[in-house]
Structures are given as C-alpha cells and as structure tokens.
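Here is what each chain is made of, one letter per residue.
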Amino acid sequence: GSGEAMVLDHNMNVGIGTTTPLTKLHLYNDYQLFTNTSGSWQHMYVGNAGNSLAFGVSNANTSLQAIERMRLTQDGKLGIGTSSPDRQLSVNSFSGNGTVSINASTTGASTLYFADGNTGTNIYTGFIQYNHSTDSMQFAVNGGQGRMSIDSSGIDVTGDVALSAAGSRRIDISNTSLADTGEMA
C-alpha cells in the first residue's frame, strides 16, 4: 500500500500502524516481538482479543504462531491457561493439575490473605501462612488472630473446637472442659 508504516510526530511520539500516535510509542493492532539469545529466537505476541488483551509466546525457531498463555479482560479478570477467565484470577490446566505457587526464602513466609478492605487489619482479615523457618502452617481469622497451626508435632488450636461427623454425632471441645492436667474432664 501507499500508507506510511511508521510516523514520528512533532511531539516525538512514534506511531506504528497509525499516523496519529497518542503516546511515546503507539502500536496499532496486534504486535509481535522477536528476540534472539545465543542463536535461539523467541517470539512474544500481544494482541487485541475483543475486549481483552491476549499474551502468547512461542519458540520462533520452530513456529511463528504464538500460543496464547494469558489473557487480561476489560473488566479486570486475569486468566492464565484460559482465554475466558471467570474470576479476578483464574489459573487453569484442563489437561492436568492447576497450580499456584507462593515462594519465599527458607527464613521467610508464604501467605495468602483474605481481605475485607485495603487499610488496617482489613487487608488481612483472614490468612493462611506457611512459615518456612519452622515448617509450620498457620490459619488466622477476625483481623489476623491465629486460631490454628500445624507443624510436625501436630495441630495446635486456640479457642473452641467443634467437630461434626455425618449424621447427628458431634464432638465439642472447649477450653472450659479441660482439667488443669490438660486431660479431658
């Protein structure tokens, strides 16, 4: 065609695929990046997928067709392994196990927070935390109050415990029913 492939406007904005760039680099439509590291070409694709952005990768030595690996929708849902995320974060592997890993140092902690807000204790109303230095798991509720921890010696519970089995049988254990010796009264 006779159109311009690239434009540098008076504001020093570069447009590729557009003659009216709105930012320092304005790419119109889908774009693909190719990199070569030690003779091995890699391919990244970012493209418009309706009201979403699709991200894909491939080994450009074997294929120029990038495989979509992640999608960000207009309403803020991020899908990894799916092109139609149904939650704020959807991690899918329909051919195997879906896995999310929270990594930390051997002296740190990996934590999953459940929040009611974004200030004070609302940012960690409840949480599940794995402490790598003690190899223990803690469960907390109600503003981050630890209620149960699990380590190699067993389960430690703070507060009352109610266990229910199928049917009408129920076992209630509370601090008030323990004798001073620590045995069941």
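Preceding block: the structure.
Residues numbered from 1 in each chain as written. Predicted model: local features only at pLDDT ≥ 70, side-chain atom pairs only at ≥ 80, totals over all residues. Heavy atoms only, no water.

Here five strands make up an open sheet; going across it, the order is 10-11-12-13-14 and the pairing antiparallel. The open sheet has two edge strands, strand 10 (109–114) and strand 14 (154–157), and neither has a second partner. Each neighbouring strand pair of the sheet contributes to a mean axis angle of 15 degrees, computed without reference to strand direction. Relative to strand 14, strand 13 (residues 145–151) runs antiparallel, the two being bridged by four bridges. Looking at the pairing, serine 149 lines up with aspartate 156 of strand 14. (Pairing = 2+ DSSP bridges. Helix = DSSP H or I, 4+ residues; strand = E, 2+ residues; numbered from the N terminus. Axes fitted to C-alpha atoms, helices over the stretch in contact; angles between N-to-C directions.)

This paragraph deals with unusual backbone geometry. Here the phi dihedral of methionine 12 falls at roughly 70 degrees; this positive angle occurs in a residue that is not glycine. Structurally, the position occupied by methionine 12 is in the loop between strand 1 (6–8) and strand 2 (14–16). One non-glycine residue, aspartate 135, adopts positive backbone phi at about 50 degrees.

A few words on the pattern of salt bridges. Where charged atoms of side chains with opposite charge meet at close range, the side chains can pair. If you walk through the whole model with that rule in mind, you get two salt bridges. With its nearest N and O atoms 2.8 Å apart, the salt bridge here joins glutamate 68 to arginine 71. For the salt bridge of aspartate 75 with lysine 77, the shortest nitrogen-to-oxygen distance reads 3.6 Å. For aspartate 75, a relative accessible area of 56% translates into the label exposed. (Salt bridge = Lys/Arg side-chain N within 4 Å of Asp/Glu carboxyl O. Buried < 20%, exposed > 50% of the residue type's maximum accessible area, 1.4 Å probe, protein only.)

With that settled, the discussion passes to the environment of valine 157. Looking at where valine 157 falls in the secondary structure, it is placed in strand 14. Note: C-alpha distance between valine 157 and arginine 147 (ten residues apart in sequence) is 5.8 Å. The contact partners of valine 157, leaving out residues within four places of it in the chain, are Arg147 and Met148. (Contact = heavy atoms within 4.5 Å.)

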